[in-house]
Amino acid sequence: MRLHPEVAQALQTHRAVVALESTVITHGLPRPLNLELARKLEETVREAGAIPATIAILKGQVVVGLTAEELEAIASDESADKASLWNLGALVAQGKSAGTTVASTAFLAHKAGIQVFATGGIGGVHPHPYDESADLLVLSRTPIVVVSAGPKSILDLAATLERLESLGVALLGYKTNHLPAFHSPSSPYPLPARVESPLGAAQAYKAARALGLPGASLVLNPISKGLDFAQVQRWVEQATQEAARLGIGGKALTPFLLRRISELSGGQTDEANLRLLEENARLAAQIALALTQE
Amino acid sequence: MRLHPEVAQALQTHRAVVALESTVITHGLPRPLNLELARKLEETVREAGAIPATIAILKGQVVVGLTAEELEAIASDESADKASLWNLGALVAQGKSAGTTVASTAFLAHKAGIQVFATGGIGGVHPHPYDESADLLVLSRTPIVVVSAGPKSILDLAATLERLESLGVALLGYKTNHLPAFHSPSSPYPLPARVESPLGAAQAYKAARALGLPGASLVLNPISKGLDFAQVQRWVEQATQEAARLGIGGKALTPFLLRRISELSGGQTDEANLRLLEENARLAAQIALALTQE
Amino acid sequence: MRLHPEVAQALQTHRAVVALESTVITHGLPRPLNLELARKLEETVREAGAIPATIAILKGQVVVGLTAEELEAIASDESADKASLWNLGALVAQGKSAGTTVASTAFLAHKAGIQVFATGGIGGVHPHPYDESADLLVLSRTPIVVVSAGPKSILDLAATLERLESLGVALLGYKTNHLPAFHSPSSPYPLPARVESPLGAAQAYKAARALGLPGASLVLNPISKGLDFAQVQRWVEQATQEAARLGIGGKALTPFLLRRISELSGGQTDEANLRLLEENARLAAQIALALTQE
Ligand SMILES: [Mn+2]
Ligand SMILES: [Mn+2]
Ligand SMILES: [Mn+2]
């Protein structure tokens with residue numbers, strides 16, 4: 001594992017650092033939008049007063065804090081893999097490059113000593129039996145702050161919330177009592193706790209750490225000016241029915257659904273996606289600052 | 001975390017201590033029965049020769065071993081929350097008061113160095129997909145003796161037993177080969193191990209600790225003079241059908257079911273509930289003593 | 001826990017050791033085939049240059065590396081139990097003897113300091129809700145190399161693969177891109193990583209250990225000259241339908257299914273079973289050697 005010197009120094013001097021994932025760069029967005037977004041997120045973290053640390057696997061090395069050149073390299077690498085926990089060792093041993101998922105970024109950021117990680121949406125329970133993202137178990141085992149806009153829209157939200165409860169993941173609604181639903185700021189599902197400020201989130205995380213709780217503190221940050229929950233659900237339903245008609249399933253299903261809801265929304269979901277990523281990066285930086293200032 | 005001086009001293013001098021949960025006080029029983037029961041359980045532990053340590057969150061502080069005044073305060077606090085793992089950090093950071101569930105009590109008792117915890121029924125798998133109590137994962141991660149009368153009556157017993165197996169929780173039938181079913185002393189489901197005495201339970205727990213097993217040793221103590229299993233199942237089924245007819249679901253379902261089976265049984269389930277709590281507290285104290293005496 | 005002197009010395013001097021399970025001896029094969037197979041597997045490990053350590057519970061003692069006499073004793077002990085995590089403490093405390101499952105063998109081998117474990121098939125998700133082998137969670141918590149020919153034929157392969165992903169278990173196809181299916185060398189389900197040699201497997205495991213990943217590296221070794229996947233699936237389906245007609249379920253189902261597919265295949269599955277065990281023992285020894293030689 002190699003840390004960017006700026007990140008290493010910030011951690012040693014207890015300054016605010018925010019980890020950022022990289023599957024959004026390698027698999028989430030078309031080129032060159034992916035690089036623009038990656039730079040924008042780092043800039044957002046800096047503007048809020050923290051040091052960004054984008055994490056990725058570069059030729060078999062875990063890099064925590066990509067340089068500008070490395071960010072360009074991973075954003076243009078069409079052969080980059082997706083690194084989750086179940087292939088991380090092999091990718092490293094075989095000298096491959098990969099974007100890191102929520103699961104592997106949270107794991108690696110924590111190993112590096114970073115306390116706050118910003119992402120877009122977390123994984124969860126798919127509406128198929130036994131298809132559950134590796135993000136959930138990692139969240140239950142990794143004591144780090146994760147800032148997200150909620151589980152991705154195509155997931156079974158009620159089941160995902162139940163699993164987060166079963167797994168003992170600390171849930172903190174950011175100025176909300178209900179689970180944010182990624183493209184939508186709210187959903188019908190109540191949350192067990194709420195915070196009103198970055199400091200409030202930092203304090204809840206510190207209390208959880210002091211008690212030795214093993215899991216993450218998941219800060220759920222509703223998107224500003226998001227889409228209507230029922231409307232998004234209808235798009236997801238329509239896309240799901242189309243997939244069934246076309247016989248699309250397995251690993252091809254999620255990309256198909258995402259593309260179709262983008263089309264059905266006339267691009268509104270794409271725009272929301274970019275905005276929430278930026279908003280989460282900003283809030284994560286503020287929480288990281290609050291953690292250093294207390 | 002603040003320990004009652006008597007509890008702290010007992011732990012330092014390796015004397016027997018039994019942790020008790022407090023959601024049974026804040027959410028499980030009507031006032032003033034809840035305070036009477038809480039006192040009765042502590043008394044039962046003392047009579048059996050051990051020190052009781054009722055655990056709760058009081059104004060943001062984890063208290064292990066409530067004083068008599070604190071027990072009264074939490075029993076009369078109508079605004080007390082329910083603290084599980086997913087909201088524990090926030091409750092502490094926000095200065096709130098709460099009863100602790102099986103999951104959070106087991107976690108906190110173990111952190112405090114207590115080896116034995118008595119409760120009534122444990123949580124498990126609800127007959128709805130993905131609704132699984134946080135108790136189960138905590139039991140798989142926390143090396144403590146938990147004495148219980150089995151999973152609560154409204155749960156899917158077969159599924160709960162399967163999950164306990166999958167999670168590697170050590171199950172010890174107390175003088176029984178079959179899973180006790182809370183209000184009923186037995187069920188059709190066979191257990192993998194059986195002990196005949198408090199010493200037998202203590203020895204199985206010590207063996208598990210010596211091997212470094214990460215999970216709990218769950219002592220399953222059949223209620224004495226309990227209700228007939230098939231009869232309780234029929235009440236649960238009837239109550240479940242009524243809930244469906246009335247459109248009752250979500251968080252409102254469990255309280256409704258418990259109230260209805262109480263009514264349908266003419267109060268027999270309430271009486272059984274109190275008796276099994278006392279019996280479990282007594283057995284827990286005996287196991288705690290056996291642990292100190294070997 | 002008692003280690004065979006030869007095993008203890010090999011571990012101290014960093015020589016190659018391969019753990020072997022013992023439920024295949026106590027519950028998997030008829031006598032005297034079970035003892036012959038157990039000896040054959042140890043011999044195979046030795047021929048490949050490593051020290052075998054068959055693990056079992058003998059009269060309440062965990063033994064890592066049975067002597068020739070102990071191997072005979074456990075192979076002829078008709079009362080031997082099956083030790084998984086949920087009864088291990090009780091078996092030890094009560095002085096019983098038992099074969100160890102994949103779950104308990106992986107756990108105990110890792111505790112003993114052994115890095116490689118060979119078995120036949122791993123457990124997984126049964127085609128019944130909530131029936132999931134304890135092997136899976138142990139694999140997600142135990143950083144050891146496990147060499148297997150895939151999940152057993154009667155399991156839901158797709159669901160098992162999903163759970164392995166959710167649990168973050170590192171999967172390494174041995175010269176294959178698809179999940180091996182125990183009696184069959186392949187299945188339609190793609191794997192996330194592939195290695196080409198014992199050294200490749202050893203390097204992926206070392207990388208995972210260096211990163212601090214908590215789970216196993218599961219090396220999936222396709223059986224040579226195995227049976228056709230679709231054919232085995234048909235036998236399993238037929239046996240499952242017969243079981244339903246005969247009202248066979250619960251703990252009796254798996255033995256019934258295994259016996260019937262043996263009969264339906266005219267003994268071909270039994271022959272495959274023995275061959276894959278030997279092949280896995282050999283590959284495990286080669287990986288253990290590669291781990292010492294780098
Ligand atoms: Mn999946
Ligand atoms: Mn629930
Ligand atoms: Mn099972």
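Remember, predicted model here, so these are calculated numbers, not experimental data.

Draft legend 1. Structural detail: the overall build of chain A. Across its full length, chain A holds 12 helices and 11 strands. The globule rule puts the C-alpha radius of gyration for 294 residues at 19 Å, and the 18 Å found for chain A is close to it. In terms of overall dimensions, chain A has C-alpha extents of about 55 × 40 × 35 Å along its principal axes. In chain A, the share of contacts with a sequence separation of at least 24, taken over all contacts with a separation of at least 6, comes to 74%.

Draft legend 2. Here's a closer look at the interface of chain C and chain B. The interface of chain C with chain B comprises 21 residues on the first partner and 33 residues on the second. Counting each side, the surface lost to burial between chain C and chain B is near 2100 Å², with a carbon and sulfur contribution of 62%. Together, C:Trp86, C:Tyr130 and C:Arg141 form the three largest contributors to the area buried by chain C at its contact with chain B, with a combined 39%. Summed over the shared surface of chain C and chain B, the number is 0 salt bridges. One can count 4 residue pairs in polar contact (both at pLDDT 80 or more) joining chain C with chain B.

Draft legend 3. Here's a closer look at the interface of chain A and chain C. Across the boundary between the two partners, chain A contributes 21 residues, which contact 33 residues of chain C. In total, chain A and chain C occlude about 2100 Å² of area from one another, counting both sides; carbon and sulfur atoms represent 62% of this. For the chain A face of the interface with chain C, the top three residues by lost area are A:Trp86, A:Tyr130 and A:Arg141, together amounting to 39%. At the level of elements, α5 (88-93), α6 (102-112) and α7 (134-141) of chain A are the ones that each hand at least two residues to the side of chain A that touches chain C. Considered class by class, the residues forming the side of chain A that touches chain C number 12 nonpolar, 4 polar and 5 charged.

Draft legend 4. The arrangement of the relation of the copies chain C and chain B in detail. Overlaying chain C with chain B gives an RMSD of 0.0 Å, the required rotation being 120 degrees about an axis along which the chain moves by 0.0 Å. In the structure described here, the two chain copies are related by an operation that fits a three-fold rotation axis. Of the C-alpha atoms belonging to chain C, the one lying closest to the rotation axis is found on C:Pro129, 5.4 Å away. The residues that chain C uses at the interface reappear at the interface of chain B in only 19% of cases, marking distinct surfaces.

Draft legend 5. Up close: the coordination of the manganese ion (ligand 1). Within the protein, the atoms that donate to the manganese ion (ligand 1) are A:Asp131 (OD) and C:Glu162 (OE), at distances of 2.2 to 2.4 Å. Taken as a pair, A:Asp131 in the loop between β7 (116-118) and α7 and C:Glu162 in helix α8 (residues 157-166) lie in two separate chains rather than in one.

Draft legend 6. Looking closely at the UniProt feature "active site" (unreviewed entry) in chain A. All names here are of chain A. UniProt tags Glu21 and Lys152 as "active site" (unreviewed entry). Within the secondary structure layout, Glu21 lies in the loop between β2 (17-20) and α2 (23-28). If we ignore the near neighbours within four places in the chain, the residues touching Glu21 are Thr54, Ile55, Thr100, Thr101, Val102, Thr105, Phe117, Ala118, Thr119 and Gly120. Within the secondary structure, Lys152 sits in the loop between β8 (145-148) and α8 (157-166).

Draft legend 7. A look at the pairing of strand β4 (residues 61-64) of chain C. Residue and element names in this part refer to chain C. Here strand β1 (residues 2-3) runs beside β4; their pairing, made up of 2 bridges, is parallel. For Leu3, the partnering residue across the bridge sits in β4 and is Val64. Of the pairings in the sheet, the one linking strand β3 (residues 51-58) to β4 comprises 4 bridges and is antiparallel in character. Residue pairing in the sheet places Ile55 in a bridge with Val64 of β4. Where β3 folds back onto β4 in an antiparallel hairpin, the turn is made up of 2 residues, including Lys59, whose phi is positive at roughly 45 degrees.

Draft legend 8. Quick peek at the side chain of C:Ser184. All names here are of chain C. Tracing the sequence through the fold places Ser184 in the loop between β9 (170-174) and β10 (194-195). Of note is the side chain of Ser184, whose polar atom sits 3.2 Å from the backbone oxygen of Leu227. With sequence-adjacent residues up to four places away left out, Ser184 is seen in contact with Ile223, Leu227, Asp228, Phe229 and Val232.

Draft legend 9. Layout of the packing of helix α10 (residues 229-246) of chain A against helix α11 (residues 253-264) of chain A. Residue and element names in this part refer to chain A. The N-to-C vectors of α10 and α11 enclose an angle of 130 degrees; their axes lie 9 Å apart at closest approach. Between α10 and α11, the interaxial angle falls into the category oblique. Relative to α11, α10 is oriented so that their crossing is right-handed. Facing Trp235, Val236, Gln238, Ala239, Thr240, Glu242, Ala243 and Leu246 of α10, the residues of α11 in contact are Leu253, Phe256, Leu257, Arg260, Ile261 and Leu264. Of the residues in the contact of α10 with α11, the class split is 10 nonpolar, 2 polar and 2 charged.

Draft legend 10. Structural view of the pattern of salt bridges. Enumeration over the complete set of coordinates arrives at 39 salt bridges over all chains. With a closest N to O distance of 3.4 Å, B:Glu72 and B:Arg39 form a salt bridge. Linking B:Glu72 in helix α4 (residues 68-76) with B:Arg39 in helix α3 (residues 33-47), this pair joins segments that are 33 residues apart in sequence. In this structure B:Glu72 comes out as partly exposed when scored by relative accessible area, which is 40%. Three or more residues joined by partner-sharing salt bridges are found here, namely A:Glu242, A:Arg259, A:Arg260 and A:Glu263.

Draft legend 11. The arrangement of the environment of A:Ala193 in detail. The topology assignment puts A:Ala193 in the loop between β9 (170-174) and β10 (194-195). The sequence separation of A:Ala193 and A:Leu171 amounts to 22 residues, and the corresponding C-alpha distance is 6.4 Å. Once you skip the residues sitting within four places of it in the chain, A:Ala193 turns out to touch A:Leu171, A:Leu172, A:Gly173, B:Asn87 and B:Ala90.

Draft legend 12. Broad picture of the packing of helix α3 (residues 33-47) of chain A against helix α4 (residues 68-76) of chain A. All names here are of chain A. Between α3 and α4, whose axes approach to 9 Å, the crossing angle comes to 145 degrees. As for how α3 packs across α4, the hand of that crossing is right-handed. Between α3 and α4, the contacting residues are Asn34, Leu35, Ala38, Arg39 and Glu42 on the first element and Leu71, Glu72 and Ala75 on the second. In terms of residue class, the contact of α3 with α4 is built from 4 nonpolar, 1 polar and 3 charged.

Draft legend 13. Representation of the confidence of the model for chain A within the structure. Scored by pLDDT, chain A has a mean of 96; 100% of the residues are at 70 or more. Interface confidence for the predicted complex, expressed as ipTM, amounts to 0.96; the pTM equals 0.97.

Draft legend 14. Local environment of helix α9 (residues 198-211) of chain C. End to end, α9(C) covers 20 Å across 14 residues, agreeing with the expected 20 Å (1.5 Å per residue, within 8%). With its phi angle positive at about 80 degrees, C:Gly212 sits one or two positions after the end of α9(C).

Definitions and cut-offs
- Residues numbered from 1 in each chain as written.
- Chains lettered and ligands numbered in written order.
- Predicted model: local features only at pLDDT ≥ 70, side-chain atom pairs only at ≥ 80, totals over all residues.
- Heavy atoms only, no water.
- Helix = DSSP H or I, 4+ residues; strand = E, 2+ residues; numbered from the N terminus.
- Rg over C-alpha atoms; globule rule 2.2 N^0.38 Å.
- Contact = heavy atoms within 4.5 Å.
- Buried area = accessible area lost by both parts, 1.4 Å probe.
- Salt bridge = Lys/Arg side-chain N within 4 Å of Asp/Glu carboxyl O.
- Polar contact = N/O pair within 3.5 Å; in protein donor to acceptor, adjacent residues only side chain to side chain.
- Nonpolar A, V, L, I, M, F, W, Y, C, P; charged D, E, K, R; others polar.
- Least-squares fit on C-alpha atoms with pLDDT ≥ 70 in both.
- Donors = N, O, S within 2.8 Å, 3.2 Å for Na, K, Ca; no water.
- UniProt positions renumbered as here; feature names shortened; annotations may be inferred.
- Pairing = 2+ DSSP bridges.
- Axes fitted to C-alpha atoms, helices over the stretch in contact; angles between N-to-C directions.
- Parallel < 35°, antiparallel > 145°, perpendicular 65-115°, else oblique.
- Left-handed = near helix turned anticlockwise from the far one by under 90°.
- Buried < 20%, exposed > 50% of the residue type's maximum accessible area, 1.4 Å probe, protein only.
- pLDDT = per-residue confidence, 0-100.
- Expected span 1.5 Å × (residues − 1).

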